[in-house]
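Chain residues, written in single-letter form:
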Amino acid sequence: MNSKRTILIVDDDRDTRDGLARALSGAYRTVVAADAESAMAALAADPSIALMLSDVRMPGTDGVSLMKAAKAAHPHLAVILLTAYGSIDAAVAAMKDGADDFIAKPVDLDQLELRVEKEMRHADLRNEVKSLHAALDEKYGLEQIVGSSDAMKKVFRTVRQVAPSDATVLLEGPSGTGKEVVAHAIHNLSRRSDGPFVAVHCAALTPTLLESELFGHEKGAFTGAVSRQIGRFEAANGGTLFLDEISEIDPSTQIKLLRVLEDRTFERVGGTETLHTDIRVVAATNRDFKAYVDAGKFREDLYYRLNVVGIKLPPLKDRHGDIPLLAQRFLREYSAKNGDRVKSISPEAMSILEAYPWPGNVRELRNAIEKMVVLAEGERLAPSDVPEEMRAAASLHGTPAARAMPPGGTLSDTEKNRVLAALAANGGNRSRAADALGISRRTIQRKLKEYAIEDSAGEEGS
Ligand SMILES: Nc1ncnc2c1ncn2[C@@H]1O[C@H](COP(=O)(O)OP(=O)(O)OP(=O)(O)O)[C@@H](O)[C@H]1O
Ligand SMILES: [Mg+2]
(Lines give C-alpha, C1' and ligand atoms only; values in the text may rest on other atoms or scores of the structure.)
(Ligands and ions follow the chains in the order given, each with its own letter.)
Protein backbone atom coordinates (compact mmCIF):
# COMPACT_ATOMS: atom_id res chain seq x y z
CA MET A 1 0.00 0.00 0.00
CA ASN A 2 2.87 2.39 0.68
CA SER A 3 4.56 1.85 -2.66
CA LYS A 4 4.55 5.02 -4.75
CA ARG A 5 1.87 5.52 -7.36
CA THR A 6 2.79 6.34 -10.91
CA ILE A 7 2.17 9.56 -12.83
CA LEU A 8 2.63 9.98 -16.56
CA ILE A 9 3.88 13.41 -17.65
CA VAL A 10 3.36 14.39 -21.29
CA ASP A 11 4.90 17.54 -22.75
CA ASP A 12 6.79 18.21 -25.95
CA ASP A 13 9.10 20.60 -24.11
CA ARG A 14 11.86 18.69 -22.43
CA ASP A 15 12.57 21.25 -19.70
CA THR A 16 8.92 21.41 -18.67
CA ARG A 17 8.68 17.63 -18.66
CA ASP A 18 11.74 17.14 -16.50
CA GLY A 19 10.84 20.03 -14.21
CA LEU A 20 7.41 18.53 -13.53
CA ALA A 21 8.91 15.09 -13.02
CA ARG A 22 11.42 16.43 -10.52
CA ALA A 23 8.75 18.34 -8.59
CA LEU A 24 6.65 15.21 -8.24
CA SER A 25 9.37 12.64 -7.75
CA GLY A 26 9.30 12.92 -3.96
CA ALA A 27 5.79 11.53 -3.60
CA TYR A 28 5.32 9.65 -6.87
CA ARG A 29 7.01 7.49 -9.40
CA THR A 30 7.06 9.38 -12.70
CA VAL A 31 7.12 8.34 -16.34
CA VAL A 32 7.62 10.91 -19.10
CA ALA A 33 6.52 11.06 -22.74
CA ALA A 34 7.20 13.69 -25.41
CA ASP A 35 4.08 13.15 -27.49
CA ALA A 36 0.67 11.50 -27.55
CA GLU A 37 1.87 8.38 -29.27
CA SER A 38 4.54 7.55 -26.72
CA ALA A 39 2.08 8.48 -23.96
CA MET A 40 -0.37 5.84 -25.20
CA ALA A 41 2.46 3.34 -25.40
CA ALA A 42 3.48 4.11 -21.82
CA LEU A 43 -0.11 3.62 -20.61
CA ALA A 44 -0.35 0.31 -22.40
CA ALA A 45 2.96 -0.81 -20.92
CA ASP A 46 2.02 0.12 -17.36
CA PRO A 47 -1.69 -0.14 -16.56
CA SER A 48 -0.99 0.89 -12.98
CA ILE A 49 -0.47 4.52 -14.03
CA ALA A 50 -2.99 6.42 -11.92
CA LEU A 51 -2.81 9.91 -13.36
CA MET A 52 -1.72 11.63 -16.54
CA LEU A 53 -0.52 15.20 -16.53
CA SER A 54 -0.52 16.42 -20.12
CA ASP A 55 0.12 19.60 -22.04
CA VAL A 56 -2.71 20.63 -24.36
CA ARG A 57 -0.76 22.18 -27.17
CA MET A 58 1.67 19.70 -28.67
CA PRO A 59 2.77 19.01 -32.23
CA GLY A 60 0.84 16.11 -33.73
CA THR A 61 -2.01 14.84 -31.58
CA ASP A 62 -2.98 17.52 -29.02
CA GLY A 63 -3.57 16.94 -25.31
CA VAL A 64 -7.37 16.91 -25.52
CA SER A 65 -7.44 14.16 -28.14
CA LEU A 66 -4.82 12.26 -26.17
CA MET A 67 -6.96 12.54 -23.06
CA LYS A 68 -10.02 11.15 -24.86
CA ALA A 69 -8.11 8.22 -26.27
CA ALA A 70 -6.41 7.52 -22.94
CA LYS A 71 -9.66 7.62 -20.97
CA ALA A 72 -11.40 5.40 -23.50
CA ALA A 73 -8.68 2.79 -23.14
CA HIS A 74 -8.15 3.24 -19.38
CA PRO A 75 -11.42 4.33 -17.74
CA HIS A 76 -9.86 4.60 -14.28
CA LEU A 77 -7.16 7.06 -15.37
CA ALA A 78 -7.33 10.57 -13.94
CA VAL A 79 -6.22 13.37 -16.27
CA ILE A 80 -4.99 16.86 -15.50
CA LEU A 81 -4.41 19.13 -18.50
CA LEU A 82 -1.84 21.91 -18.61
CA THR A 83 -3.32 24.94 -20.35
CA ALA A 84 -1.76 28.20 -21.45
CA TYR A 85 -1.88 30.83 -18.78
CA GLY A 86 -4.97 33.03 -18.96
CA SER A 87 -6.68 30.89 -21.53
CA ILE A 88 -9.93 30.41 -19.68
CA ASP A 89 -11.62 29.20 -22.83
CA ALA A 90 -9.11 26.41 -23.23
CA ALA A 91 -9.49 25.46 -19.57
CA VAL A 92 -13.28 25.35 -19.75
CA ALA A 93 -13.12 23.35 -22.95
CA ALA A 94 -10.70 20.91 -21.34
CA MET A 95 -13.07 20.26 -18.43
CA LYS A 96 -16.01 19.89 -20.79
CA ASP A 97 -14.04 17.40 -22.79
CA GLY A 98 -13.60 15.29 -19.69
CA ALA A 99 -10.43 16.46 -17.96
CA ASP A 100 -10.61 15.96 -14.22
CA ASP A 101 -8.74 19.18 -13.57
CA PHE A 102 -6.51 21.70 -15.34
CA ILE A 103 -3.45 23.62 -14.27
CA ALA A 104 -2.43 26.92 -15.89
CA LYS A 105 1.06 27.28 -17.32
CA PRO A 106 3.60 28.25 -16.18
CA VAL A 107 3.04 25.71 -13.45
CA ASP A 108 3.42 26.82 -9.85
CA LEU A 109 5.55 23.93 -8.66
CA ASP A 110 4.70 24.53 -4.99
CA GLN A 111 1.03 23.99 -5.78
CA LEU A 112 1.54 21.08 -8.13
CA GLU A 113 1.89 18.27 -5.65
CA LEU A 114 -1.20 19.38 -3.72
CA ARG A 115 -3.30 19.56 -6.87
CA VAL A 116 -2.14 16.15 -8.00
CA GLU A 117 -2.75 14.64 -4.61
CA LYS A 118 -6.26 16.06 -4.47
CA GLU A 119 -7.05 14.70 -7.92
CA MET A 120 -5.73 11.29 -6.95
CA ARG A 121 -8.05 11.21 -3.97
CA HIS A 122 -11.01 12.20 -6.14
CA ALA A 123 -10.14 9.55 -8.66
CA ASP A 124 -9.87 6.93 -5.93
CA LEU A 125 -13.32 7.83 -4.66
CA ARG A 126 -14.80 7.79 -8.15
CA ASN A 127 -13.28 4.42 -8.86
CA GLU A 128 -14.41 3.03 -5.54
CA VAL A 129 -17.99 4.12 -6.18
CA LYS A 130 -17.83 2.66 -9.69
CA SER A 131 -16.59 -0.71 -8.52
CA LEU A 132 -19.09 -0.77 -5.67
CA HIS A 133 -21.85 -0.19 -8.20
CA ALA A 134 -20.53 -2.92 -10.42
CA ALA A 135 -20.31 -5.30 -7.48
CA LEU A 136 -23.84 -4.44 -6.38
CA ASP A 137 -25.27 -4.89 -9.86
CA GLU A 138 -23.66 -8.24 -10.03
CA LYS A 139 -24.97 -9.12 -6.61
CA TYR A 140 -28.45 -7.70 -6.90
CA GLY A 141 -29.44 -7.49 -10.58
CA LEU A 142 -32.43 -9.45 -11.69
CA GLU A 143 -30.13 -11.92 -13.44
CA GLN A 144 -28.90 -12.97 -10.01
CA ILE A 145 -32.36 -14.06 -8.96
CA VAL A 146 -32.89 -17.65 -10.01
CA GLY A 147 -36.24 -19.24 -10.71
CA SER A 148 -38.29 -20.75 -13.50
CA SER A 149 -41.37 -21.71 -11.52
CA ASP A 150 -44.61 -19.93 -12.39
CA ALA A 151 -44.47 -18.19 -9.04
CA MET A 152 -41.02 -16.75 -9.72
CA LYS A 153 -41.88 -15.84 -13.32
CA LYS A 154 -44.72 -13.80 -11.92
CA VAL A 155 -42.32 -12.15 -9.46
CA PHE A 156 -39.93 -11.20 -12.30
CA ARG A 157 -42.79 -9.81 -14.38
CA THR A 158 -44.07 -7.66 -11.55
CA VAL A 159 -40.58 -6.44 -10.63
CA ARG A 160 -39.91 -5.33 -14.20
CA GLN A 161 -43.28 -3.61 -14.44
CA VAL A 162 -43.17 -1.83 -11.13
CA ALA A 163 -39.46 -0.94 -10.87
CA PRO A 164 -39.51 2.10 -13.19
CA SER A 165 -42.42 3.68 -11.29
CA ASP A 166 -42.25 5.18 -7.82
CA ALA A 167 -45.01 2.94 -6.48
CA THR A 168 -44.59 1.60 -2.96
CA VAL A 169 -44.00 -2.15 -2.97
CA LEU A 170 -44.78 -4.67 -0.24
CA LEU A 171 -42.78 -7.90 -0.32
CA GLU A 172 -44.29 -10.81 1.57
CA GLY A 173 -42.71 -14.19 2.13
CA PRO A 174 -41.20 -16.45 4.78
CA SER A 175 -37.63 -15.99 5.94
CA GLY A 176 -34.99 -16.71 3.33
CA THR A 177 -37.26 -16.51 0.27
CA GLY A 178 -35.38 -13.61 -1.32
CA LYS A 179 -37.23 -10.48 -0.19
CA GLU A 180 -34.04 -8.51 0.21
CA VAL A 181 -32.61 -9.54 -3.16
CA VAL A 182 -35.88 -8.56 -4.83
CA ALA A 183 -35.85 -5.18 -3.04
CA HIS A 184 -32.35 -4.55 -4.41
CA ALA A 185 -33.43 -5.60 -7.90
CA ILE A 186 -36.35 -3.14 -7.81
CA HIS A 187 -33.93 -0.37 -6.88
CA ASN A 188 -31.38 -1.35 -9.49
CA LEU A 189 -33.97 -1.47 -12.25
CA SER A 190 -35.44 1.90 -11.29
CA ARG A 191 -34.54 5.39 -12.40
CA ARG A 192 -33.19 5.79 -8.86
CA SER A 193 -30.45 3.23 -9.33
CA ASP A 194 -27.75 5.91 -9.09
CA GLY A 195 -29.23 7.08 -5.81
CA PRO A 196 -28.80 5.38 -2.44
CA PHE A 197 -30.41 2.11 -1.36
CA VAL A 198 -30.98 2.44 2.37
CA ALA A 199 -32.21 -0.52 4.45
CA VAL A 200 -33.73 -0.34 7.92
CA HIS A 201 -34.39 -3.46 9.95
CA CYS A 202 -37.42 -2.32 11.88
CA ALA A 203 -37.46 -5.19 14.36
CA ALA A 204 -33.90 -4.61 15.52
CA LEU A 205 -34.51 -1.35 17.40
CA THR A 206 -36.62 -0.16 20.32
CA PRO A 207 -39.53 2.13 19.33
CA THR A 208 -37.70 5.31 20.40
CA LEU A 209 -34.51 4.38 18.62
CA LEU A 210 -36.38 3.31 15.51
CA GLU A 211 -38.22 6.61 15.34
CA SER A 212 -35.00 8.58 15.51
CA GLU A 213 -33.30 6.17 13.11
CA LEU A 214 -36.04 6.74 10.55
CA PHE A 215 -36.68 10.45 10.98
CA GLY A 216 -33.47 11.69 12.58
CA HIS A 217 -33.33 13.94 15.62
CA GLU A 218 -32.30 17.41 16.67
CA LYS A 219 -29.62 18.04 19.26
CA GLY A 220 -31.11 17.62 22.75
CA ALA A 221 -34.26 15.84 21.52
CA PHE A 222 -33.69 13.19 24.18
CA THR A 223 -31.01 12.13 26.61
CA GLY A 224 -28.04 11.10 24.56
CA ALA A 225 -28.99 13.20 21.53
CA VAL A 226 -25.75 15.17 21.66
CA SER A 227 -25.91 16.42 18.10
CA ARG A 228 -28.29 16.65 15.19
CA GLN A 229 -28.61 13.37 13.35
CA ILE A 230 -30.25 12.87 9.99
CA GLY A 231 -32.57 9.89 9.65
CA ARG A 232 -32.87 7.20 7.02
CA PHE A 233 -35.69 9.04 5.27
CA GLU A 234 -33.29 11.89 4.62
CA ALA A 235 -30.36 9.62 3.83
CA ALA A 236 -32.41 7.81 1.19
CA ASN A 237 -33.30 11.04 -0.62
CA GLY A 238 -33.15 10.43 -4.37
CA GLY A 239 -33.07 6.68 -3.83
CA THR A 240 -34.95 3.77 -2.27
CA LEU A 241 -35.78 3.16 1.37
CA PHE A 242 -36.15 -0.53 2.26
CA LEU A 243 -38.18 -1.08 5.43
CA ASP A 244 -37.54 -4.66 6.46
CA GLU A 245 -39.82 -6.40 9.00
CA ILE A 246 -42.29 -3.57 8.66
CA SER A 247 -44.91 -5.36 10.76
CA GLU A 248 -42.80 -4.77 13.87
CA ILE A 249 -43.14 -0.98 13.81
CA ASP A 250 -44.84 0.37 16.94
CA PRO A 251 -48.16 2.27 16.70
CA SER A 252 -46.80 5.79 17.20
CA THR A 253 -44.15 5.37 14.51
CA GLN A 254 -46.84 3.87 12.25
CA ILE A 255 -48.70 7.20 12.37
CA LYS A 256 -45.58 9.12 11.34
CA LEU A 257 -44.89 6.63 8.60
CA LEU A 258 -48.40 7.02 7.25
CA ARG A 259 -47.80 10.72 6.85
CA VAL A 260 -44.47 10.37 5.01
CA LEU A 261 -46.04 7.87 2.67
CA GLU A 262 -48.89 10.29 1.98
CA ASP A 263 -46.98 13.48 1.29
CA ARG A 264 -43.26 12.69 1.74
CA THR A 265 -42.93 15.17 4.61
CA PHE A 266 -41.82 14.70 8.23
CA GLU A 267 -40.02 16.37 11.11
CA ARG A 268 -36.93 15.17 12.90
CA VAL A 269 -37.54 14.01 16.48
CA GLY A 270 -37.48 17.15 18.64
CA GLY A 271 -37.58 19.36 15.54
CA THR A 272 -40.15 21.79 14.14
CA GLU A 273 -38.89 22.21 10.60
CA THR A 274 -40.94 20.23 8.07
CA LEU A 275 -38.67 18.34 5.71
CA HIS A 276 -39.41 16.88 2.32
CA THR A 277 -37.84 13.73 0.95
CA ASP A 278 -37.84 12.18 -2.50
CA ILE A 279 -37.88 8.44 -1.93
CA ARG A 280 -39.33 5.19 -3.15
CA VAL A 281 -40.39 2.85 -0.37
CA VAL A 282 -40.10 -0.93 -0.49
CA ALA A 283 -41.28 -2.78 2.61
CA ALA A 284 -40.98 -6.44 3.57
CA THR A 285 -42.48 -8.81 6.09
CA ASN A 286 -42.33 -12.52 6.78
CA ARG A 287 -45.72 -12.50 8.46
CA ASP A 288 -49.09 -13.19 6.95
CA PHE A 289 -49.52 -9.44 6.95
CA LYS A 290 -53.20 -9.25 6.04
CA ALA A 291 -54.13 -11.58 8.91
CA TYR A 292 -51.93 -9.54 11.23
CA VAL A 293 -53.75 -6.37 10.15
CA ASP A 294 -57.15 -8.03 10.48
CA ALA A 295 -56.21 -9.05 14.01
CA GLY A 296 -55.76 -5.35 14.80
CA LYS A 297 -52.00 -5.56 15.26
CA PHE A 298 -51.10 -3.06 12.56
CA ARG A 299 -52.88 0.01 11.17
CA GLU A 300 -55.08 -0.92 8.26
CA ASP A 301 -54.72 2.47 6.50
CA LEU A 302 -50.92 2.10 6.62
CA TYR A 303 -51.15 -1.44 5.32
CA TYR A 304 -53.01 -0.22 2.24
CA ARG A 305 -50.48 2.58 1.72
CA LEU A 306 -47.67 0.03 1.79
CA ASN A 307 -49.40 -2.58 -0.30
CA VAL A 308 -49.82 -0.48 -3.44
CA VAL A 309 -48.10 -3.28 -5.33
CA GLY A 310 -47.77 -6.56 -3.48
CA ILE A 311 -45.21 -9.20 -4.39
CA LYS A 312 -45.43 -12.61 -2.75
CA LEU A 313 -42.39 -14.84 -2.49
CA PRO A 314 -43.59 -18.38 -1.93
CA PRO A 315 -41.72 -20.83 0.30
CA LEU A 316 -39.21 -22.95 -1.59
CA LYS A 317 -41.16 -26.15 -0.97
CA ASP A 318 -44.00 -24.70 -3.07
CA ARG A 319 -41.71 -24.22 -6.06
CA HIS A 320 -39.85 -27.49 -6.26
CA GLY A 321 -38.79 -26.87 -9.83
CA ASP A 322 -36.53 -24.04 -8.69
CA ILE A 323 -34.50 -26.26 -6.37
CA PRO A 324 -32.22 -27.79 -9.06
CA LEU A 325 -31.63 -24.38 -10.67
CA LEU A 326 -30.77 -22.78 -7.35
CA ALA A 327 -28.63 -25.74 -6.30
CA GLN A 328 -26.65 -25.55 -9.58
CA ARG A 329 -26.20 -21.81 -9.23
CA PHE A 330 -24.93 -22.10 -5.64
CA LEU A 331 -22.75 -25.08 -6.56
CA ARG A 332 -21.00 -23.02 -9.25
CA GLU A 333 -20.65 -20.09 -6.90
CA TYR A 334 -19.16 -22.01 -4.00
CA SER A 335 -17.12 -24.32 -6.15
CA ALA A 336 -15.46 -21.27 -7.73
CA LYS A 337 -14.66 -20.01 -4.26
CA ASN A 338 -13.20 -23.35 -3.23
CA GLY A 339 -10.80 -24.15 -6.03
CA ASP A 340 -13.33 -25.46 -8.59
CA ARG A 341 -12.97 -28.98 -7.26
CA VAL A 342 -16.65 -29.92 -7.20
CA LYS A 343 -18.21 -30.06 -10.66
CA SER A 344 -21.71 -31.44 -10.34
CA ILE A 345 -24.51 -32.91 -8.25
CA SER A 346 -25.56 -36.50 -8.80
CA PRO A 347 -29.23 -37.06 -9.69
CA GLU A 348 -29.66 -39.08 -6.49
CA ALA A 349 -28.33 -36.26 -4.34
CA MET A 350 -30.50 -33.80 -6.22
CA SER A 351 -33.62 -35.83 -5.62
CA ILE A 352 -32.92 -35.71 -1.89
CA LEU A 353 -32.58 -31.94 -2.07
CA GLU A 354 -35.85 -31.78 -3.99
CA ALA A 355 -37.67 -33.85 -1.39
CA TYR A 356 -36.44 -31.92 1.62
CA PRO A 357 -38.99 -29.33 2.86
CA TRP A 358 -36.50 -26.42 3.25
CA PRO A 359 -37.99 -24.63 6.26
CA GLY A 360 -35.22 -22.02 5.90
CA ASN A 361 -35.99 -21.64 2.18
CA VAL A 362 -33.37 -20.41 -0.30
CA ARG A 363 -31.01 -19.26 2.45
CA GLU A 364 -30.98 -22.77 3.91
CA LEU A 365 -30.36 -24.27 0.47
CA ARG A 366 -27.51 -21.85 -0.15
CA ASN A 367 -25.91 -22.74 3.18
CA ALA A 368 -26.39 -26.46 2.62
CA ILE A 369 -24.69 -26.34 -0.79
CA GLU A 370 -21.82 -24.35 0.61
CA LYS A 371 -21.31 -26.92 3.33
CA MET A 372 -21.53 -29.79 0.84
CA VAL A 373 -19.03 -28.19 -1.52
CA VAL A 374 -16.55 -27.54 1.25
CA LEU A 375 -16.80 -31.03 2.72
CA ALA A 376 -17.24 -33.07 -0.48
CA GLU A 377 -14.83 -35.90 -1.17
CA GLY A 378 -15.20 -36.16 -4.93
CA GLU A 379 -15.99 -34.08 -7.99
CA ARG A 380 -19.63 -34.96 -7.90
CA LEU A 381 -21.89 -34.42 -4.90
CA ALA A 382 -23.30 -37.80 -3.88
CA PRO A 383 -26.16 -38.62 -1.49
CA SER A 384 -23.57 -39.24 1.21
CA ASP A 385 -22.46 -35.60 0.87
CA VAL A 386 -25.95 -34.38 1.73
CA PRO A 387 -26.12 -33.42 5.41
CA GLU A 388 -27.56 -36.31 7.39
CA GLU A 389 -30.51 -34.44 8.86
CA MET A 390 -31.59 -33.47 5.35
CA ARG A 391 -31.36 -37.03 4.09
CA ALA A 392 -33.43 -38.13 7.04
CA ALA A 393 -36.09 -35.48 6.59
CA ALA A 394 -36.24 -36.11 2.87
CA SER A 395 -36.75 -39.81 3.51
CA LEU A 396 -39.68 -38.94 5.72
CA HIS A 397 -41.09 -37.01 2.76
CA GLY A 398 -40.51 -40.01 0.58
CA THR A 399 -37.65 -39.98 -1.89
CA PRO A 400 -36.45 -43.46 -2.79
CA ALA A 401 -32.82 -42.37 -2.88
CA ALA A 402 -33.08 -40.98 0.60
CA ARG A 403 -34.92 -43.98 1.90
CA ALA A 404 -32.14 -46.17 0.62
CA MET A 405 -29.63 -44.20 2.70
CA PRO A 406 -27.78 -45.35 4.62
CA PRO A 407 -27.78 -48.84 3.10
CA GLY A 408 -28.37 -51.46 5.74
CA GLY A 409 -28.82 -48.91 8.49
CA THR A 410 -29.30 -50.41 11.94
CA LEU A 411 -32.44 -50.00 14.00
CA SER A 412 -30.89 -47.22 16.05
CA ASP A 413 -29.84 -45.43 12.85
CA THR A 414 -33.43 -45.52 11.71
CA GLU A 415 -34.62 -44.13 15.00
CA LYS A 416 -32.01 -41.42 14.96
CA ASN A 417 -32.92 -40.46 11.44
CA ARG A 418 -36.57 -40.19 12.33
CA VAL A 419 -35.83 -37.97 15.29
CA LEU A 420 -33.56 -35.74 13.23
CA ALA A 421 -36.12 -35.63 10.45
CA ALA A 422 -38.85 -34.55 12.83
CA LEU A 423 -36.58 -31.84 14.21
CA ALA A 424 -35.71 -30.57 10.76
CA ALA A 425 -39.32 -30.57 9.66
CA ASN A 426 -40.21 -28.51 12.75
CA GLY A 427 -37.49 -25.94 12.36
CA GLY A 428 -35.48 -27.41 15.23
CA ASN A 429 -38.27 -26.96 17.76
CA ARG A 430 -38.02 -29.93 20.15
CA SER A 431 -41.51 -29.72 21.59
CA ARG A 432 -43.12 -29.80 18.18
CA ALA A 433 -40.77 -32.52 16.96
CA ALA A 434 -41.64 -34.58 20.03
CA ASP A 435 -45.36 -34.07 19.35
CA ALA A 436 -44.90 -35.18 15.77
CA LEU A 437 -43.16 -38.37 16.92
CA GLY A 438 -45.64 -39.01 19.71
CA ILE A 439 -42.95 -38.94 22.39
CA SER A 440 -42.31 -36.54 25.26
CA ARG A 441 -39.97 -33.59 25.06
CA ARG A 442 -37.90 -35.23 27.77
CA THR A 443 -37.47 -38.37 25.65
CA ILE A 444 -36.33 -36.35 22.67
CA GLN A 445 -33.81 -34.54 24.88
CA ARG A 446 -32.46 -37.85 26.10
CA LYS A 447 -32.25 -39.25 22.56
CA LEU A 448 -30.33 -36.22 21.39
CA LYS A 449 -27.93 -36.63 24.25
CA GLU A 450 -27.50 -40.26 23.29
CA TYR A 451 -26.68 -39.28 19.72
CA ALA A 452 -24.27 -36.71 21.14
CA ILE A 453 -26.05 -33.87 19.40
CA GLU A 454 -25.21 -30.44 20.74
CA ASP A 455 -27.73 -27.92 21.94
CA SER A 456 -28.04 -25.52 19.01
CA ALA A 457 -28.02 -21.79 19.66
CA GLY A 458 -31.29 -21.33 17.79
CA GLU A 459 -33.21 -23.74 20.04
CA GLU A 460 -36.23 -22.21 21.71
CA GLY A 461 -36.36 -22.22 25.46
CA SER A 462 -39.91 -23.61 25.75
N1 LIG B 1 -34.40 -16.61 -6.24
C2 LIG B 1 -33.17 -16.55 -5.73
N3 LIG B 1 -32.09 -16.74 -6.52
C4 LIG B 1 -30.85 -16.71 -6.01
N5 LIG B 1 -30.58 -16.49 -4.72
C6 LIG B 1 -31.59 -16.28 -3.89
C7 LIG B 1 -32.94 -16.30 -4.34
N8 LIG B 1 -33.76 -16.07 -3.29
C9 LIG B 1 -32.96 -15.93 -2.22
N10 LIG B 1 -31.66 -16.04 -2.56
C11 LIG B 1 -30.51 -16.02 -1.64
O12 LIG B 1 -30.96 -16.55 -0.41
C13 LIG B 1 -30.50 -15.79 0.69
C14 LIG B 1 -31.65 -15.20 1.46
O15 LIG B 1 -32.32 -14.22 0.68
P16 LIG B 1 -32.86 -12.86 1.33
O17 LIG B 1 -31.91 -12.32 2.33
O18 LIG B 1 -33.25 -11.96 0.23
O19 LIG B 1 -34.14 -13.44 2.08
P20 LIG B 1 -35.27 -12.69 2.92
O21 LIG B 1 -36.57 -13.07 2.33
O22 LIG B 1 -34.95 -11.23 2.98
O23 LIG B 1 -35.12 -13.37 4.34
P24 LIG B 1 -35.41 -12.80 5.83
O25 LIG B 1 -36.91 -12.65 5.95
O26 LIG B 1 -34.86 -13.84 6.72
O27 LIG B 1 -34.70 -11.48 5.92
C28 LIG B 1 -29.58 -14.74 0.09
O29 LIG B 1 -28.27 -15.25 0.13
C30 LIG B 1 -30.05 -14.62 -1.34
O31 LIG B 1 -29.01 -14.21 -2.16
MG1 LIG C 1 -34.38 -10.06 4.59
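Residues numbered from 1 in each chain as written. Chains lettered and ligands numbered in written order. Predicted model: local features only at pLDDT ≥ 70, side-chain atom pairs only at ≥ 80, totals over all residues. Heavy atoms only, no water.

Q: Now, about the overall build of the protein: what can you tell me, with residues and values included?
A: Summing up its helical and strand segments, the protein has 20 helices and 16 strands in all. Scored against the burial criterion, the 462 residues of the protein give a buried share of 44%. When contacts within the protein are restricted to residue pairs at least 6 apart in sequence, long-range pairs at least 24 apart make up 67% of them. Here the protein has roughly 23,500 Å² of accessible surface; of this, 52% comes from carbon and sulfur atoms. (Helix = DSSP H or I, 4+ residues; strand = E, 2+ residues; numbered from the N terminus. Buried < 20%, exposed > 50% of the residue type's maximum accessible area, 1.4 Å probe, protein only. Contact = heavy atoms within 4.5 Å. Areas by Shrake-Rupley, 256 points an atom, 1.4 Å probe, with all protein chains shown as cover.)

Q: For the sheet that holds strand β6 (residues 169-172), give the residues involved together with the corresponding values.
A: Within a sheet, each strand pairs with its neighbour through backbone hydrogen bonds, oriented either parallel or antiparallel. With parallel pairing, the five strands of this open sheet are ordered in space as β7-β10-β13-β6-β14. A single partner strand is all that each edge strand has here, and the edge strands are β7 (197-201) and β14 (309-312). Put simply, the sheet's adjacent strands are angled 20 degrees from each other on average, direction ignored. Lying on the sheet, helix α6 (residues 150-162) is in contact with β6, β13 (280-285) and β14; it crosses β14 at an angle near 150 degrees. (Pairing = 2+ DSSP bridges. Axes fitted to C-alpha atoms, helices over the stretch in contact; angles between N-to-C directions.)

Q: I'd like a description of the environment of Ala434, backed by residues and values.
A: Position of Ala434 among the secondary structure elements: in helix α19 (residues 430-437). Here the alpha-carbon distance between Ala434 and Ala422, two residues twelve residues apart in the chain, equals 7.7 Å. Not counting the four nearest positions on each side in its chain, Ala434 is found in contact with Ile439, Ser440, Arg441 and Ile444.

Q: Describe the sheet that holds strand β3 (residues 49-55), with residues and values.
A: Taken in spatial order, the five strands of this open sheet run β2-β1-β3-β4-β5, and their pairing is parallel. The open sheet has two edge strands, β2 (29-33) and β5 (101-105), and neither has a second partner. Neighbour-to-neighbour, the strand axes of the sheet open up by a mean angle of 20 degrees, direction not taken into account.

Q: An account of the site of ligand 1 is needed here, citing residue identities and associated values.
A: Neighbouring ligand 1 are 18 residues, the closest being Val146, Ser175, Gly176, Lys179 and Arg366. Contacts to ligand 1 include Thr177, whose backbone N or O atom sits 3.3 Å from an oxygen atom. For ligand 1, an oxygen atom lies 2.9 Å from a polar atom in the side chain of Arg363. Here ligand 1, which alone exposes 640 Å², has 86% of that area covered by the protein. Those elements that provide at least two residues to the shell around ligand 1 are α7 (179-188), α13 (322-337) and α15 (361-375). For the shell around ligand 1, a count of residues per class yields eight nonpolar, six polar and four charged. Split by domain, the shell around ligand 1 shows at least three residues from each of two domains, domain 2 (161-314) and domain 3 (317-450). (Near = heavy atom within 4 Å. Polar contact = N/O pair within 3.5 Å; in protein donor to acceptor, adjacent residues only side chain to side chain. Nonpolar A, V, L, I, M, F, W, Y, C, P; charged D, E, K, R; others polar. Domains from an automatic or database assignment.)

Q: Outline the packing of aromatic side chains, supporting the account with residue identities and numerical values.
A: One pass over the structure, following the stated rule, counts eight aromatic pairs. One cation-aromatic arrangement involves Lys256 over Phe215; the distance from NZ or CZ to the ring centre is 4.9 Å. (Phe/Tyr/Trp six-rings, centres within 6.5 Å; stacked < 30°, edge-to-face > 60°. Lys NZ or Arg CZ within 6 Å of the ring centre and 35° of its normal.)

Q: Explain the pairing of strand β4 (residues 78-84) to me, and be specific about the residues and the numbers.
A: On a regular strand, each side chain points to the face opposite its neighbour's, so the side chains alternate between the two faces of the sheet. With six of seven residues buried, β4 lies mostly within the body of the structure. As defined by bridge partners, β3 adjoins β4 across five bridges and the pair is classed as parallel. Within β4, the position partnered with Asp55 by the bridge is Leu82. For the crossover that starts at β3, traverses helix α3 (residues 63-73) and ends in the parallel β4, the hand is right-handed. (Right-handed = clockwise from strand over helix to strand, strands pointing away.)

Purely spatial values, then, with no claim about function.
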